[in-house]
Amino acid sequence: MIVLGVDSSATAASAAIIVDGRLVSEVFSDTGLTHSQTLLPMIDSCLKMAGVSVDEINMIAVANGPGSFTGVRIGISTVKGIAFTNNVSCVEVSTLECMAYNQLSFDGIICSVMDARCNQVYTAFFESVDGCKVNRLSEDNAMSIDELGDKIAELDKKVIFVGDGADICYNKLKDRIDNICIAQLHMKKQRASSVAMCGLEKDSKKPKDITVNYIRLPQAQRELLKR
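Analysis parameters
- Residues numbered from 1 in each chain as written.
- Predicted model: local features only at pLDDT ≥ 70, side-chain atom pairs only at ≥ 80, totals over all residues.
- Heavy atoms only, no water.
- Axes fitted to C-alpha atoms, helices over the stretch in contact; angles between N-to-C directions.
- Helix = DSSP H or I, 4+ residues; strand = E, 2+ residues; numbered from the N terminus.
- Parallel < 35°, antiparallel > 145°, perpendicular 65-115°, else oblique.
- Left-handed = near helix turned anticlockwise from the far one by under 90°.
- Contact = heavy atoms within 4.5 Å.
- Nonpolar A, V, L, I, M, F, W, Y, C, P; charged D, E, K, R; others polar.
- Buried < 20%, exposed > 50% of the residue type's maximum accessible area, 1.4 Å probe, protein only.

S.K.: Explain the packing of helix α1 (residues 35-50) against helix α2 (residues 69-86) here, please?
M.R.: Packed helices, taken two at a time, are described by their axes: the angle between them and the distance between them. In the contact formed by α1 and α2, the axes pass within 10 Å of each other and the chain directions differ by 40°. On the basis of their axis angle, the class for α1 and α2 is oblique. The handedness of the crossing between α1 and α2 is right-handed. Between α1, through His-35, Ser-36, Leu-39, Leu-40 and Ile-43, and α2, the contact on the second element is made entirely by Gly-71, Ile-74, Gly-75, Thr-78 and Ile-82. Along the lines of polarity and charge, the residues of the contact of α1 with α2 split into five nonpolar, five polar and no charged.

S.K.: Looking at this structure, how should I read unusual backbone geometry?
M.R.: Most peptide bonds adopt trans geometry, and most residues besides glycine take a negative phi value. At the junction of Gly-65 and Pro-66, the peptide bond is cis and its omega measures out at 5° in the coordinates. Inspection of the secondary structure assignment puts Pro-66 in the loop between β4 (59-63) and α2. Phi is positive for Cys-118, which is not a glycine, with a value near 55°. Inspection of the secondary structure assignment puts Cys-118 in the loop between β6 (109-117) and β7 (120-129). Take Cys-118: its relative accessible area is 71%, and that puts it in the exposed class. Positive phi is not limited to glycine here, since Asn-119 has a value of about 65°. Mapped onto the elements, Asn-119 comes out in the loop between β6 and β7. By relative accessible area, which is 36% here, Asn-119 ends up partly exposed.

Take a look at the structure:
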């Protein structure tokens, strides 16, 4: 089973190849370049390093949000293009759930957080199961950091923040809540290898059925509805 994992849901982007449950190549970039510039070259490089051709791929897993509206669309469009052309099945996975796979060895609650701006985060709670997959404890949601802090304060386990919102959440809540910590630098951001791992636990779909999960409307649409 050869799985291509793709993530472009935030400022970082990455691609990874998993063969029969083993990670054989991964390319990660957080340079600030647009994903339209970097994503396809990263996928191509990842395939070459793994010695895998596009027509050998059995499934493509892609993070479908929440996250950057533009980044998510680029990732979904890229994956659909590859899948349609090569007749490959796809699987859509929550960006927040994928990030929890970065912390499979953590004994406690994994809190995935992405900066949604305006003092809000996209977030969900998970826990590791036998160090090989994660169990979802809450649905993906958008809330204020203070509201998230209230929820964490009710928990009786250690909580680790993972994601591009980890620093802002930890720094704002560390003086108020004792049972929190933050993921290590190399495992903090979204990674395509985790997308692929998460995808292995999901049912695949036809490329046309892959959708995005923004959680909330883009700011332009929210402002239009207020008028």
